[in-house]
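Results of the structural survey
Each chain, letter by letter, is given below.
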Amino acid sequence: MTDFERKSVQSGAADSGMAGAAAARSVDLDSFRDALGRFVSGITVVTTRSADGVDHAMTANAFTSVSVDPFLVLVCVEKIARFHEAVLQSGRWAVSVLGENAIEASNWFATRGRPLEGQLSGFPFTRGEETGAVLLVDALATMECRTIGIYDGGDHDIVVGEVLSVAAPRPDDRPLVYFRGKYHILGDAT
Ligand SMILES: Cc1cc2nc3c(=O)[nH]c(=O)nc-3n(C[C@H](O)[C@H](O)[C@H](O)COP(=O)(O)O)c2cc1C
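The text that follows walks through the structure, step by step, so that each part is easy to find.

Scoring rules and cut-offs
- Residues numbered from 1 in each chain as written.
- Predicted model: local features only at pLDDT ≥ 70, side-chain atom pairs only at ≥ 80, totals over all residues.
- Pairing = 2+ DSSP bridges.
- Helix = DSSP H or I, 4+ residues; strand = E, 2+ residues; numbered from the N terminus.
- Core = buried A, V, L, I, M, F, W, Y, C linked by C-beta atoms within 7 Å.
- Buried ≥ 20, exposed ≤ 12 C-beta atoms within 10 Å, placed from the backbone.
- Contact = placed C-beta atoms within 7 Å.
- Arc of directions from axis to C-beta.
- Near = placed C-beta within 6 Å.
- Nonpolar A, V, L, I, M, F, W, Y, C, P; charged D, E, K, R; others polar.

**Digging into the sheet that holds strand E12 (residues 176-179)**
Hydrogen bonds between backbone groups are what pair the strands of a sheet, and the pairing can be parallel or antiparallel. Ordered in space as E2-E12-E13, the three strands form an open sheet in which the pairing is antiparallel. Either end of the sheet is taken by a strand with one partner, and the two such strands are strand E2 (41-42) and strand E13 (182-185).

Structural data, given as structure tokens:
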């Protein structure tokens, strides 16, 4: 059993019943995607292990730190993704932050409907001691998390986790970043 509560967050737009309709008129999907695509993000692979021992993994860039007291992070998980049910049930998950050598991993773990069996072959990994979840050996950084809250976020759920362990397997690799729908490898600081 998991020990978190599911929480619902209502936006002002949803509350009023009017602002949402106004937003629907002034923001179309392409404009929304275009604007959000100009926000640079890192890329992660989030993982969890179900009670019957099946490994789930999913590329996710909707990941961010939340708090240092306590140590909290969040990831937004689409409700129709297979990872969604798996992470809600397990309540324990891990994050691998991708570096310059991980474009293939990012593409693969973003491929809808790929077979779960054998999906990790070719991607060296260890297992986290706290969660049993997969940690990619080629990651810049990894962390293990325990879910402490789930918030409704439209077609995604916002999964907030307390960080139980951290590691930096390849700390000096350059990060893989996502910008306007394409991969980039971050260069030197100015
Ligand atoms: C760069 C990139 C970032 C992504 N970020 C997210 C994310 O943050 N949350 C999410 O639910 N899906 C995200 N996706 C999509 C999922 O990776 C994809 O839908 C999922 O792997 C489908 O797996 P399934 O067939 O097991 O449901 C992203 C895809 C890409 C290419």
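**Some details on the nonpolar core**
Ranked by size, the top nonpolar core spans 32 residues in total, and within it Val45, Val46, Ala94 and Leu98 carry the most contacts. Once residues lying within four places of it in the same chain are set aside, the contact partners of Leu98 are Ile43, Thr44, Val45, Ala105, Ser106, Ala139 and Leu176.

**Topic: the pairing of strand E3 (residues 44-49)**
Consecutive residues of a regular strand have side chains that alternate between opposite faces of the sheet. Burial analysis of E3 places six of its six residues in the buried class, which makes it a mostly covered element. The alternating pattern of E3 places Thr44, Val46 and Thr48 and Val45, Thr47 and Arg49 on opposite faces, both of which are buried. Of the pairings in the sheet, the one linking E3 to strand E4 (residues 55-60) comprises six bridges and is antiparallel in character. By the bridge assignment, Thr47 is partnered in E4 with Ala57. Hairpin remark: E3 followed by E4, antiparallel, with five residues in the connecting loop; positive phi at Gly53, about 85°. Note: E3 against strand E7 (residues 92-97), four bridges, orientation antiparallel. Along E7, the bridge assignment pairs Thr47 with Ala94.

**Here we look at helix H4 (residues 82-90)**
Within H4, the full set of buried residues consists of Phe83, Ala86, Val87 and Ser90. Viewed end-on, H4 has its buried residues packed into an arc of 95°, placing them on one side of the element. Looking at the buried side of H4, the elements it contacts are E3, E4, strand E6 (71-78), E7 and strand E11 (156-167). Residue Gly91 follows H4 closely and has a positive phi angle near 70°.

**Section: the site of the ligand**
Among the 19 residues in the neighbourhood of the ligand, the closest are listed as Ala60, Ala62, Glu78, Arg82 and Ala110. For the shell around the ligand, the secondary structure elements donating two or more residues are E4, E6 and H4. Looking at the shell around the ligand residue by residue, the classes come out as eleven nonpolar, five polar and three charged.

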